[in-house]
Amino acid sequence: MTIRVYNTLSRGKQEFTPREPGVVAMYVCGPTVYNHIHIGNARTFLTFDVIRRYLEYRGFAVRFVQNITDVDDKIIARANEEGRDAAAVAADYTLAFRQAMDALDIAPPTVQPKATETIPQMIDMVSRLVSGGHAYVVDGDVYFSVRSFPGYGKLSGRNVDELEVGARVDVDERKQDPLDFALWKAAKPGEPHWASPWGEGRPGWHLECSVMSEAELGITFDIHGGASDLIFPHHENEIAQSEAATGRPFVRYWLHGGLLQVNAEKMSKSLGNFMLLKDVLEHYPAPVVRLLMLQTHYRSPLDFSVDRLDEASRAYERLLTPLRNLEWAKRNRSVVAEIQAPAETESLVADAAAQTRDAFVEAMDDDFNTAGALAAVFDLVRTMNGFMERYGIGNNARYAGRLDGAADALRELLGVLGIDAGTRSGRGEYPPEVLEIARDLAGYVGTDTEAAVEALLSARAVARTERNWPAADAVRDGIAALGFAIEDTPSGSRVVYRSGS
Ligand SMILES: [Zn+2]
């Protein structure tokens, strides 16, 4: 089986074969560090995190490079607003970006170069472009000459003459052509600057991706990713700079992620629907946010809303239910009675695990269809739940072992999607509201949601012994309000997620 990817450059799906067998060289445009990242940015970074994880799962060694744009007009503007140094603003938001990526369980890149640490290489590329006749100098600024590169427009499917009409509106008299863009900008007073053959200045934004990818991955690397709103002009300009400088193709596969809307509208501060990743993660655990986003194909537009986050929370609970039930069954191994389950059930569950792996790989091989892959995972969850119900696994540790292979497959595949399925971690297990209910009904004062549930169950057991039915019912109703139910078994009571899927 081979992986097929949609390549923006060829406008179709193509078989993916890296330039070097078994090794993938991949670059994704990183953030400009002038603010906290919003959930639209987060979706793009999540997309390429999952693509990278899947390529690794399929046995490739992935070298993943992502830049940090730490010198830029937006950073300088922010620094001026706050009366601070631009470098301090960039350092703060670089740290915030790394923390946000970590909070969303996004693996760090293999290399993460900063623009300000790559200045000599940038000057080198600009010099090569100037001496090759692809760039010219005006008053300390250096511009790329778009007309000097015949392939301009091939990624976005635009032609230079059409583009020219749009560009004439905002014409800079010093440029030879309205489409030409800055490679190097002469320093204005108070701005960060570095010495160059053209005077003190700083690099243009488009330049750094061309320079860093060449430095870290070489010429003609495998995958370049980013959001679809970067296709023009950013990625078009990257191609022009790199191919003009090297005379060789820049990238083999261009992958672009779809955009994100909030409540079916473009996210904007004026509409009041602007959501920062860090704020969302304060209320929803990372696996829930990942699950929501991965239910949509990465190239399609994604609608983000609090309702959808709540739906994803319930879906995440469903994913964990069989794992949680299985662990419970094993913990109670010594006290449960045995029930006979037919021998053929062993192969039934093993087959379901194998089929799920196949269906998962088939979906992901088709341009990283995470929605299809998740559908396969949910099928396995249903099979496991059905098996446990039919053979009373909740009460029968002996047959719980028959589900180990399926549980391993479930954890493994969720791991490929970066969805944490740790049932003992406490994260994502019971909602934080359980702490309040446990405090009111059981006098529990800690912060461990699992211990809170145990306290509630003990309080209910005591109430039942004392025939205090209102108190026992209050515990049951409190737990039901969180979407869970209490199940009474021969070996004691436990809390299960109520959905029967
Ligand atoms: Zn870029």
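Everything in this summary refers to the structure shown in the same document.

Comments concerning the pattern of salt bridges
Side chains bearing opposite charge may pair, as long as their charged atoms lie close to each other. Tallying each qualifying case throughout the model produces 29 salt bridges. For D124, the salt bridge goes to R128, with nearest N and O atoms at 3.2 Å. On the criterion of helical spacing, the pair formed by D124 and R128 is a turn pair, its members being four residues apart in helix α4 (residues 119-131). In this structure R128 comes out as partly exposed when scored by relative accessible area, which is 27%. R202 serves as the salt-bridge partner of E191, at 3.2 Å between the closest nitrogen and oxygen. One end of the pair, E191, is in the loop between β7 (181-186) and β8 (201-203); the other, R202, is in strand β8, and 11 residues separate them in sequence. On the accessibility criterion, E191 (13% relative accessible area) is buried. Bridged by salt links that share partners, the residues D73, K185, E191 and R202 form one connected network.

Some remarks on the packing of aromatic side chains
One pass over the structure, following the stated rule, counts 13 aromatic pairs. A ring pair is formed by F45 and F97, whose centres lie 5.4 Å apart and whose planes are at 75°; its orientation type is edge-to-face. On the criterion of sequence distance, the pair formed by F45 in helix α1 (residues 39-57) and F97 in helix α3 (residues 86-103) is long-range, its members being 52 residues apart. The same class applies to F45 and to F97, which are both buried.

Observations concerning the sheet that holds strand β10 (residues 251-257)
If you trace the four strands from one edge of the open sheet to the other, you get β4-β3-β9-β10, paired in parallel fashion. Sheet topology places β4 (61-66) and β10 at the edges, where each strand pairs with a single neighbour. The sheet shows a mean angle of 25° between the axes of neighbouring strands, direction not considered. Bridge count between strand β9 (residues 221-227) and β10: six bridges; the pairing is parallel. Of the residues in β10, the one forming a bridge with F221 is V251.

Thoughts on the coordination of the zinc ion
Within the protein, the atoms that donate to the zinc ion are C29 (SG), C209 (SG), H234 (NE2) and E238 (OE), at distances of 2.1 to 2.3 Å. Classification of the site at the zinc ion rests on its four donor atoms, whose angles at the metal span 77 to 127°, yielding the label irregular. One chain supplies every donor for the zinc ion, spaced along it as C-x179-C-x24-H-x3-E. With C209 in helix α6 (residues 205-217) and E238 in helix α7 (residues 231-246), the pair connects residues that are 29 residues apart, well separated along the chain. Residues C209 and E238 agree in their burial class; the two are buried.

Points about the environment of P109
By secondary structure assignment, the location of P109 is in the loop between α3 and α4. For the pair P109 and F64, spaced 45 residues apart in sequence, the C-alpha separation works out to 5.2 Å. Setting aside chain neighbours within four positions, we find P109 in contact with R52, F64 and Q66.

Overview of helix α16 (residues 449-465)
For α16, built from 17 residues, the straight-helix expectation of 24 Å at 1.5 Å per residue is met to within 8% by its first-to-last C-alpha distance of 25 Å. The N-capping residue of α16, defined by a side-chain oxygen 2.9 Å from the backbone nitrogen of E450, is D448.

Observations concerning the packing of α16 against helix α17 (residues 469-480)
In the contact formed by α16 and α17, the axes pass within 7 Å of each other and the chain directions differ by 155°. Classed by the angle they form, the pair α16 and α17 counts as roughly antiparallel. For the element pair α16 and α17, the recorded crossing hand is left-handed. Note on element contacts: α17 touches α16 through W469, A471, A472, V475 and I479, opposite L456, R460, A463 and R464. Here the residues of the contact of α16 with α17 sort into seven nonpolar, no polar and two charged.

So, helix α9 (residues 286-294)
With nine of its nine residues buried, α9 lies for the most part within the structure. All buried positions along α9 are accounted for by A286, P287, V288, V289, R290, L291, L292, M293 and L294.

Overview of the sheet that holds β7
If you trace the four strands from one edge of the open sheet to the other, you get β5-β6-β7-β8, paired in antiparallel fashion. Of all the strands in the sheet, the pair left with one neighbour each is β5 (135-138) and β8. On average, adjacent strands in this sheet sit at an angle of 25° to one another, irrespective of strand direction. Two elements, β5 and strand β6 (residues 141-144), share four bridges in a ladder whose sense is antiparallel. Among the inter-strand pairings, A135 is bridged to a residue of β6, identified as F144.

Concerning the side chain of N273
Looking at the element boundaries, N273 is found in the loop between β12 (265-266) and α8 (277-283). From its side chain, N273 meets the backbone oxygen of K266 in a polar contact 3.4 Å long. A distance of 2.9 Å separates a polar side-chain atom of N273 from the backbone nitrogen of S268. Residues in contact with N273, not counting those within four places in the same chain, are V262, E265, K266, M267 and S268.

Brief notes about the pairing of β4
Across six bridges, strand β3 (residues 23-28) lies against β4 in parallel orientation. When the bridges of β4 are listed, V24 appears paired with V62.

Things to note about the pairing of strand β2 (residues 12-15)
Strand residues, when the strand is regular, have side chains that alternate between the two faces of the sheet. Relative to β2, strand β1 (residues 4-7) runs antiparallel, the two being bridged by four bridges. Residue Y6 lies in a different strand from β2, and its bridge partner there is K13. Counting the residues in the hairpin turn of β1 and β2 gives four residues, including R11, whose phi is positive at 55°.

Cut-offs and rules
Residues numbered from 1 in each chain as written. Predicted model: local features only at pLDDT ≥ 70, side-chain atom pairs only at ≥ 80, totals over all residues. Heavy atoms only, no water. Salt bridge = Lys/Arg side-chain N within 4 Å of Asp/Glu carboxyl O. Helix = DSSP H or I, 4+ residues; strand = E, 2+ residues; numbered from the N terminus. Buried < 20%, exposed > 50% of the residue type's maximum accessible area, 1.4 Å probe, protein only. Phe/Tyr/Trp six-rings, centres within 6.5 Å; stacked < 30°, edge-to-face > 60°. Pairing = 2+ DSSP bridges. Axes fitted to C-alpha atoms, helices over the stretch in contact; angles between N-to-C directions. Donors = N, O, S within 2.8 Å, 3.2 Å for Na, K, Ca; no water. Tetrahedral: all angles 85-135°; square planar, octahedral: opposite > 155°, others 65-115°. Contact = heavy atoms within 4.5 Å. Expected span 1.5 Å × (residues − 1). Polar contact = N/O pair within 3.5 Å; in protein donor to acceptor, adjacent residues only side chain to side chain. Parallel < 35°, antiparallel > 145°, perpendicular 65-115°, else oblique. Left-handed = near helix turned anticlockwise from the far one by under 90°. Nonpolar A, V, L, I, M, F, W, Y, C, P; charged D, E, K, R; others polar.

Keep in mind that these numbers describe shape and distance, not what the molecule does.
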